[in-house]
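Here is how the chains run, residue by residue.
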Amino acid sequence: MDVLHHLQSIVGPENAIEGNRADKRYGSDETEDLYFPPEWVCKPACTNEVSAILSLAHELNIPVTTRGGGTGLAGGALPVKGGIVLSMERMNQILLIDEENLQVTVQPGVITEVLQDTLKARGLFYPPDPSSRGISYIGGNVSTNAGGPRAVKYGVVRDYVLNLEVVLADGSVIQTGANTLKNSTSYNLTQLMVGSEGTLGVITQIVLKLIPHPVFQLLLLVPFNNPVNACAAVSAIFKAGITPSALEFMERDAIAWSKEYLGQPPLDETDDTQAHLLIELDGFYEAPLYEDVEKINQVVQHFNAGEILFADDEATKKELWALRRHVAHAVKTNSVYKEEDTVVPRAKLPELLAKVKELGKIHGFRSVCYGHAGDGNLHVNILKDSLDEHTWSILLPKAIRQLFEYVHELGGTLSGEHGVGYVQKEYLDTVFSAAEIDLRRQIKKAFDPRGILNPNKLFPDS
Ligand SMILES: Cc1cc2nc3c(=O)[nH]c(=O)nc-3n(C[C@H](O)[C@H](O)[C@H](O)COP(=O)(O)OP(=O)(O)OC[C@H]3O[C@@H](n4cnc5c(N)ncnc54)[C@H](O)[C@@H]3O)c2cc1C
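From a predicted model like this one, the values you see are computed outputs, not experimental measurements.

### A word on the sheet that holds strand S2 (residues 40-42)
Read across the sheet, four strands follow the order S1-S2-S4-S3 without closing on themselves; strand pairing throughout is mixed. Bordering the open sheet on either side are strand S1 (16-18) and strand S3 (64-67), each of which pairs with just one other strand. Within this sheet the neighbouring strands show an average axis-to-axis angle of 20°, counted without direction. Bridge count between S3 and strand S4 (residues 84-87): four bridges; the pairing is parallel. Paired with Val-64 across the bridge in S4 is Ile-84. Packing against the sheet, helix H1 (residues 3-11) makes contact with S1, S2 and S4, and its axis sits at approximately 160° to S1. With respect to the sheet, helix H2 (residues 47-60) is in contact with S2, S3 and S4, its orientation differing from that of S4 by roughly 170°.

### Describing the site of the ligand
In the vicinity of the ligand lie 37 residues, with Thr-66, Gly-68, Gly-69, Thr-71 and Ser-132 positioned nearest. One of the side-chain N or O atoms of Ser-143 is found 3.0 Å from a nitrogen atom in the ligand. Separating an oxygen atom of the ligand from a backbone N or O atom of Gly-147 is a distance of 2.9 Å. Here the ligand loses 98% of its free accessible area of 970 Å² to cover by the protein chains. Elements represented by at least two residues in the shell around the ligand include exactly S3, helix H4 (138-144), strand S10 (202-209) and helix H11 (327-334). Of all the elements, H4 adds the most residues to the shell around the ligand, at five residues. Counted by class, the shell around the ligand contains ten nonpolar, 23 polar and four charged residues.

### Concerning the packing of helix H8 (residues 252-261) against H11
Where H8 contacts H11, the axes come no closer than 8 Å and their chain directions differ by 85°. On the basis of the axis angle, H8 is roughly perpendicular to H11. Seen from H8, the contacting residues are Ala-254, Trp-257, Ser-258 and Tyr-261; seen from H11, they are Val-327, His-329, Ala-330, Val-331, Thr-333 and Asn-334.

### Regarding the pattern of salt bridges
Opposite charge on two side chains makes pairing possible when the charged atoms of those side chains draw close. By the definition in use, this model includes 22 salt bridges. A salt bridge links Lys-332 to Glu-30; the nearest nitrogen and oxygen atoms lie 3.1 Å apart. One end of the pair, Lys-332, is in helix H11; the other, Glu-30, is in the loop between S1 and S2, with 302 residues separating them in the sequence. We classify Lys-332 as partly exposed; its relative accessible area is 28%. Connected through salt bridges with shared partners, the residues Asp-129, Arg-150, Glu-280 and Arg-325 form a single ionic network.

About the thresholds
- Each chain carries its own residue numbering, running from 1 in the written order of its sequence.
- Per-residue local features of the predicted model are confined to residues with pLDDT of at least 70, and side-chain atom pairs are confined, for both listing and counting, to 80 or more; whole-chain, interface and lining totals are unaffected and use all residues.
- Here the side-chain values reflect all heavy atoms present in the structure, with hydrogen atoms and water set aside.
- Two strands pair under a simple rule: DSSP has to find at least two bridges between them.
- Note on conventions: DSSP H or I runs of at least 4 residues are helices, E runs of at least 2 residues are strands, and numbering of each starts at the N terminus.
- A fitted line through C-alpha atoms represents every axis, and for helices the fit uses only the stretch in contact; the resulting angles, taken between N-to-C directions, go from 0 to 180 degrees.
- Here a residue-residue contact requires only that any non-hydrogen atoms of the pair lie within 4.5 Å.
- Only heavy atoms are used to decide nearness, and a residue is near a molecule or strand if one of them lies within 4 Å of it.
- We call two N or O atoms a polar contact when they sit within 3.5 Å, provided that within protein one can donate a hydrogen and the other can accept it, with sequence-adjacent residues counted only if both atoms are side-chain atoms.
- Note on areas: Shrake-Rupley, 1.4 Å probe, and residue coverage restricted to the protein chains presented here.
- Basically, the charged four are Asp, Glu, Lys and Arg, the nonpolar ten are Ala, Val, Leu, Ile, Met, Phe, Trp, Tyr, Cys and Pro, and anything else, Gly included, counts as polar.
- Just so you know how the angles are binned, under 35 degrees is roughly parallel, over 145 roughly antiparallel, 65 to 115 roughly perpendicular, and the rest oblique.
- Salt bridges are defined by distance alone: a side-chain nitrogen of Lys or Arg within 4 Å of a carboxyl oxygen of Asp or Glu.
- The classification of residues rests on relative accessible area computed with a 1.4 Å probe and restricted to protein chains. Under 20% of the type maximum is buried, over 50% is exposed, and intermediate values are partly exposed.

Just distances and angles here, no functional claims.
If you want it as C-alpha cells, here you go:
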C-alpha cells in the first residue's frame, strides 16, 4: 500500500509529506542536537483524522510519534524508529471557556502562552508555565506533566487536567474521565495519560481546571556568595510560613550566560555573587505580600545573602524573568552539554548541589545548575567544554548514573518535569525496581499491544 497516498487521502495532500521533503525540525526537538528523520510527516486537523491515521498505522505496524511544540528536553518527540510524525500544529483551537465552572476545553496544539494570555484577559488563571511556554503546546505539556516556576505554589499540569479525549493505538476514541472536580469512578485513566509521553495514546482534546488570576505580584532577586547557602535558604523560607509563587535558583554562570545571550551588560567582575534566588510572591491583596518580603529578608540574612534587588516596576520584572527563562538556550550556545532534571525533597537541595560539584571534581567536568528550587527541582547541566569525545562518552553515563543513584538515596527521582523520553530511559533502574518497571511495561502493552506508539521511549530496551 502507498502509505503517503493513504495519509494524503485522510488529511489532504498538503498536510502529509514524505520525511525527506519535510522541514528538519520534525526530526528533532530541543534535546541536545539529536536528529532522526521521519518517513512521513502528517498534520491532522481533527480527532477523526487522528483516528484514521492510527487505524492505518496499526494495520501496517507503522511507528507513530506525536509531536507538540518540539520543545521537549528528554527526546520524547524524536521519531527514533522512523515512521509517522503526527504533528498537532493544526489542532490549535481553544474550544470553550466555561466561566461558570472555571474550565477550559482546548485542542492539544494550542500554544501554552496563548491560552494563558487569553484566559488572563478574562481574569482567569491556568498556572502551569514551563519556561518554554511561548513555543510549547498544551498537549505536549500534558504529555510530559510539565511544571515551571509557578508549580511551587500552584502545582503542575497534572493538577489542572480534568478530562481528556484520547485516540488509542487502534484508532478508537475514548474519554478518560468526566468534566468534574471530583471523580471516584474506577481507575484514573486521565492521570495515567498525563506524563505518558505519547506512549499510550494521542491526546486530541483537553479539559483544564482554572482559578481566578491573582492581581498583585512582587519579585525579588537575592544574591548569595555561596550557592549551597542559597539552596539552604529555600526550605527556610517555606519553614517561615511563606509560599512564594515562584522560587528559582540560578548559579552565577547561568545568569552570566543568559545576560550574554540576551545582549545585556555582563555581571560585575568584582562582585563575588555565586548564585541568586529569584523569588515571586503573588496574591489578591498587596499588604500581606510586603509583610512576606520583610520575612524573606530576615530569613535570607541567616544565609549570608547580599543586597536584595526589589523589582518594583513591570520592566524590571520582565527583565528578570527573561534572564531566568533564557538560561536553557544560553547554556546551549556556550558548550555541548547534557541536561538532567533531578528532583529531591526540597530540604535536600544543598546536598544535591554539593554532590553535583563533587562528581564534577571526580570526573573532571564543569557544571552549571539552575531550576525550580522551591520544588527541589535542580536542572544540572554537565558541560563538555574542551573534553575530547572519547573522555566525554565514557565519563557522562558514569557520572549521570552516580548522580541519579544519589538523588534516589535522597528520596528523589531522575526527572521532575521533563520526562524520561529517549535520553533517560537507560537510567530507569536507578530509581525503579525490576518489578516497578515491569508493571509499567504491562500498562504499555495493554494500551499499545503492537508497540506502534512512540517506540523506543520510556523503557530501556524498547
Ligand atoms: C527553553 C526551554 C525551557 C523549558 N522550561 C521548562 C519548564 O520550566 N518546565 C517544564 O516542565 N519543561 C520545560 N521545558 C521542556 C518542554 O518545554 C516541556 O517538556 C513541554 O511540556 C514540551 O511541550 P511540547 O509541546 O514542546 O512537546 P514535544 O516536545 O513536542 O513533545 C513532548 C512529548 O509529548 C508527546 N506529545 C506531544 N503532544 C502529544 C499529544 N497531543 N498526545 C500525546 N502525546 C503527545 C510527544 O510524543 C513527546 O513524547 C523547557 C524547554 C525549553 C527548550
